[in-house]
Amino acid sequence: MIPTLEWLPTGVNFLDQTKLPLEETYVLATDYKQVATVIRDMIVRGAPAIGVSAAMGMAIGIDRSEATTLEALTAEVATIAQTLAETRPTAVNLFWGIDEIRSLYNTLASQNTPIPEIKSAVVARAQQMYDEDIAACKQLGSNGAALLPQQGTVLTHCNAGALATCGYGTALGVIRAAIEQGHKIDVFADETRPFLQGARLTAWELMKDGIPTTVLCDNMAAHLMGQGRIQAVIVGADRIAANGDTANKIGTYGVSILAKEHNIPFYVAAPWSTIDLATATGKDIPIEQRSAREVTHSNGKQMTPDNVAIENPAFDVTPAKYITAIITERGVLRAPFDQSIRQMALETSQEPAFSTK
Ligand code: MRU
């Protein structure tokens, strides 16, 4: 199992994804501010991993607090939550992770629970969320495996793998589960400019597992689809609105249109915590803008003329109409997604995902 992040007695240990695939090094965050920096700088990235990291950030913040009264600790919890919430705006899992720990804290504080007991409880819950994330990935992988071809090539965009979760992955989890069930699958990994999650991370983790992988530049998919060389597309998600519109890594929207044009199924795989019923449509999803330097420079080398204007939206929204199915640990959702999402929320009678409002 790839140790994306891990709670240690000394802090939260993160595999530094900015250094992969050339260096396998770790960054130890010993307080919540360092966890926030690790998330903002994309040392850890991928929606489910960000969610659990935020929960661990909350837990370490509470655990290391020197507050001696509940009033003082409650004020600190608000600051910790605010600091973590300001790191990355698109993946709803961030807010879900913060809210899970904040809700537990509020419940315990309202019962006047002694501070040492609150500390143990929030740390235990954050560790449990780590285990639950892996279980959700395995379950959604098994739910989606049959949708992938018995034999063929599957295109993925960005990294929705073990590195983007606490292990196993969402989109790559479905691929792993299909292979475990005997499917013969080759993977095309879009390189995913500008951060190169596909070229650096997806290729690295799939090759570690011996899954045949070919890296494509982001502009090659149409050509290969036209040649009949792609049988399915599967991607992860950063936020799924109540109508099924899905935010994922920049470039996903274009791939979905290409898939539709070539009659290739386009699947989204995500844990239920990525569904945000409080966001009605994709138009309401905030899109993170990242620094121009990610586009102007590659490996420290300048690629563009001085002072040229740059756009760098980190995500785009794939309209629900281009999505064949959304695979979650609770089951596989089909269009019309506004109905199937709501129905599954009711049937599974669990609270819908965190509201950003
Ligand atoms: O900017 P990133 O690397 O955090 O973006 C990651 C993605 O877009 C993933 O596809 C998404 O979070 C799903 S990860 C299981």
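Bear in mind the structure is a predicted one, so any value in this text is a computation, not a measurement.

Criteria and thresholds
- Residues numbered from 1 in each chain as written.
- Predicted model: local features only at pLDDT ≥ 70, side-chain atom pairs only at ≥ 80, totals over all residues.
- Heavy atoms only, no water.
- Domains from an automatic or database assignment.
- Contact = heavy atoms within 4.5 Å.
- Buried area = accessible area lost by both parts, 1.4 Å probe.
- Salt bridge = Lys/Arg side-chain N within 4 Å of Asp/Glu carboxyl O.
- Polar contact = N/O pair within 3.5 Å; in protein donor to acceptor, adjacent residues only side chain to side chain.
- Helix = DSSP H or I, 4+ residues; strand = E, 2+ residues; numbered from the N terminus.
- Nonpolar A, V, L, I, M, F, W, Y, C, P; charged D, E, K, R; others polar.
- 1 Å grid on protein atoms, 1.4 Å probe; cavity = no way out; pocket = protein on both sides within 12 Å on 5 of 7 lines; lining within 4 Å.
- Points joined across faces, edges and corners; volume = space filled by probe spheres on them.

1. Looking at the domain arrangement of the protein
No. 1: In terms of domains, the protein is made up of domain 1 (5-139) and domain 2 (143-348).
No. 2: At the interface, 31 residues of domain 1 touch 33 residues of domain 2.
No. 3: When domain 1 packs against domain 2, close to 2,700 Å² is buried across both sides, 59% of that on carbon and sulfur atoms.
No. 4: Applying the counting rule to domain 1 against domain 2 returns 1 salt bridge.
No. 5: Ionic pairing is found between arginine 88 and glutamate 288, a salt bridge with its closest N-O pair at 2.9 Å.
No. 6: Counting the contacts that link domain 1 with domain 2 gives 16 residue pairs in polar contact (both at pLDDT 80 or more).
No. 7: At 7 residues, the largest contribution of residues to the side of domain 1 that touches domain 2 is made by helix α5 (residues 115-144).
No. 8: In the side of domain 1 that touches domain 2, the residues fall into 18 nonpolar, 6 polar and 7 charged.

2. Here we look at empty space enclosed by the protein
No. 1: Enumeration according to the criterion identifies 2 cavities of 30 Å³ or more in this entry.
No. 2: Here the largest cavity defines a volume of roughly 180 Å³.
No. 3: As for the largest cavity, its lining consists of 24 residues, of which Arg45, Gly46, Ala47, Asn159 and Asp238 are closest to the centre.
No. 4: Elements with a contribution of two residues or more to the lining of the largest cavity: α2 (47-63) and β9 (246-249).
No. 5: The biggest single contributor to the lining of the largest cavity is α2, with 3 residues.
No. 6: Grouping the constituent residues of the lining of the largest cavity by class yields 12 nonpolar, 8 polar and 4 charged.
No. 7: Volume-wise, the second largest cavity comes out at about 70 Å³.
No. 8: Around the second largest cavity sit 13 residues that line it, and Pro194, Phe195, Lys249, Glu294 and Ala314 are the ones nearest its centre.
No. 9: Here the lining of the second largest cavity is composed, by residue class, of 6 nonpolar, 3 polar and 4 charged.

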